[in-house]
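One letter stands for each residue in the lines below.
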Amino acid sequence: MRILVAEDERMLADLVAEGLRKQAMAVDVAYDGLAASQRLAVHDYDVLVLDRDLPQVHGDVICRDLASSGARTRILLLTAAASVPDRVAGLSLGADDYLPKPFDFSELVARVKALGRRSQPPVPPVLQRAGIVLDTPHRQVFRDGRHVPLSVKEYAVLEVLMRADGALVSAETLLESAWDEHADPFTTVVRVIISRLRAKLGEPACIHTVAGVGYHL
């Protein structure tokens, strides 16, 4: 999943982002409302974790505008305003969920994952193709019954390919889905991860390259 964390408390924003990255998510961070709006205009995010009280552009404005635009991005409001009227007001802006501060990080992860599933076409929790079984709730991968240990990035790329169900996936799509905005589109990072995946998944080869187009299972 591709996530945007919009939070002006830099330490909290960075901690949330780092924790979500460990869950095989690609995460961008915006420390004010203007930066968040600019990123939302460029990238197609699955989930926006949004603080309401942002400088430059208020979080309520971002929430209302994004919800009314018809974008598929799901919105989780993360804020210190925790009263029932505050929650009602936030959800009335078009937010999909509301989590008051302080919060338990495991709950945040669970809510982000739930919203991410709602932003995408429905797929079963266990994906299977070419002898590969990808158990998304437990983030485990098996090939012909053999457990395949993967790095966070390798898992993220494999999940994108599995969700494509045999369709071609371009390197640009993999970068957009599995890396954050700091990834250099001119590097060989996608080819390196694909090469590692092929080696770990073993024979027969199951990830195929179409030169100049992309990859498919």
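Here, every reference points to the structure presented above.
Note that the coordinates shown come from a computational prediction; the quantities given were computed from them, not determined experimentally. (Residues numbered from 1 in each chain as written. Predicted model: local features only at pLDDT ≥ 70, side-chain atom pairs only at ≥ 80, totals over all residues. Heavy atoms only, no water.)

Chemist: What's the story with the pairing of strand S6 (residues 126-129) in this structure? I'm lost.
Modeler: Here is the key point about a regular strand: its side chains alternate between the two faces of the sheet. Where S6 and strand S7 (residues 132-135) come together, 4 bridges link them in antiparallel fashion. The residue of S7 that forms the bridge with Val 126 is Asp 135. Between S6 and S7, which pair antiparallel and follow one another directly, the connecting turn spans 2 residues, one of which, Ala 130, has a positive phi of 55 degrees. (Pairing = 2+ DSSP bridges. Helix = DSSP H or I, 4+ residues; strand = E, 2+ residues; numbered from the N terminus.)

Chemist: What is the right way to read the sheet that holds strand S5 (residues 97-100) from this model?
Modeler: Each strand in a sheet pairs with its neighbour through backbone hydrogen bonds, running either in the same direction (parallel) or in the opposite one (antiparallel). One open sheet holds the 5 strands; their spatial order is S2-S1-S3-S4-S5, and the pairing between them is parallel. Only two strands of the sheet have a single partner each, and these edge strands are strand S2 (26-30) and S5. Strand-to-strand, the axes of this sheet are offset by a mean angle of 20 degrees, without reference to chain direction. Both strand S3 (residues 47-50) and strand S4 (residues 74-79) contribute to a ladder of 4 bridges, which runs parallel. What sits directly across from Leu 48, in S4, is Ile 75. Along the sheet, helix H1 (residues 10-21) makes contact with strand S1 (2-6) and S2, crossing S2 at roughly 170 degrees. (Axes fitted to C-alpha atoms, helices over the stretch in contact; angles between N-to-C directions. Contact = heavy atoms within 4.5 Å.)

Chemist: What is the right way to read the packing of helix H6 (residues 152-163) against helix H7 (residues 171-178) from this model?
Modeler: Any two packed helices are characterised by how steeply their axes cross, that is the angle between the axes, and by the distance between the axes. Taken N-terminus to C-terminus, the directions of H6 and H7 make an angle of 125 degrees; their axes are 10 Å apart at the nearest point. Regarding the angle of H6 to H7, the classification is oblique. The chirality of how H6 crosses H7 is right-handed. Together, Lys 153, Ala 156, Val 157, Val 160 and Leu 161 of H6 and Leu 174, Ser 177 and Ala 178 of H7 make up the contact between the two elements. (Parallel < 35°, antiparallel > 145°, perpendicular 65-115°, else oblique. Left-handed = near helix turned anticlockwise from the far one by under 90°.)

Chemist: I keep staring at the packing of aromatic side chains and nothing clicks. Help me out?
Modeler: Between two aromatic rings, the relevant description is the distance of the centres plus the angle of the planes. One pass over the full model with this rule turns up 0 aromatic pairs. Geometry around Tyr 155 places Arg 139 over its ring, the cationic atom sitting 5.3 Å from the centre. (Phe/Tyr/Trp six-rings, centres within 6.5 Å; stacked < 30°, edge-to-face > 60°. Lys NZ or Arg CZ within 6 Å of the ring centre and 35° of its normal.)

Chemist: What is the right way to read helix H8 (residues 189-201) from this model?
Modeler: Residue pairs spaced three or four apart in an α-helix point in one direction, given the helix's 3.6 residues per turn. The terminal C-alpha atoms of H8 lie 18 Å apart, and with 13 residues this matches the ideal 18 Å at 1.5 Å per residue to within 8%. Residues Val 190, Ile 193, Ile 194, Leu 197 and Leu 201 constitute the buried set of H8. Down the axis of H8, the buried set is contained in an arc of 100 degrees. They therefore lie on one face. What points out from H8, more than 90 degrees from its buried face, is the exposed set Arg 191 and Ala 199. Residues of H8 that are buried in the fold lie against S7, strand S8 (140-143), strand S9 (146-147), H6, H7 and strand S11 (214-216). Backbone geometry just downstream of H8 places Gly 202 in the positive-phi region, at approximately 80 degrees. (Expected span 1.5 Å × (residues − 1). Buried < 20%, exposed > 50% of the residue type's maximum accessible area, 1.4 Å probe, protein only. Arc of directions from axis to C-beta.)

Chemist: Can you walk me through the sheet that holds S8 in this structure?
Modeler: Taken together, 4 strands build an open sheet; the order of strands is S6-S7-S8-S9 and the sheet is antiparallel. Of all strands in the sheet, those bounded by a partner on one side alone are S6 and S9. Pairing geometry for S8 and S9, over 2 bridges, is antiparallel. By the bridge assignment for S9, Phe 142 is matched with His 147.

Chemist: What exactly am I supposed to notice about H7 here?
Modeler: Every buried residue of H7 is accounted for by Leu 174, Leu 175 and Ala 178. Along the axis of H7, the buried residues cluster in a sector spanning 100 degrees; they form a single face. In this structure, the buried side of H7 is in contact with S2, H6, H8 and S11.

Chemist: Would you mind going over the environment of Gly 116 with me for this structure?
Modeler: Mapping Gly 116 onto the fold places it in helix H5 (residues 105-119). We classify Gly 116 as buried; its relative accessible area is 0%. Along the sequence, Gly 116 and Arg 72 sit 44 residues apart, while their C-alpha atoms lie 9.8 Å from each other. With sequence-adjacent residues up to four places away left out, Gly 116 is seen in contact with Met 1 and Val 47.

Chemist: Help me understand the environment of Glu 176 in this model?
Modeler: Mapped onto the elements, Glu 176 comes out in helix H7. C-alpha of Glu 176 to C-alpha of Pro 85: the two residues are 91 residues apart in sequence and 37 Å apart in space. Contact partners of Glu 176, with chain neighbours within four places excluded, come to Arg 2, His 43 and Asp 44.

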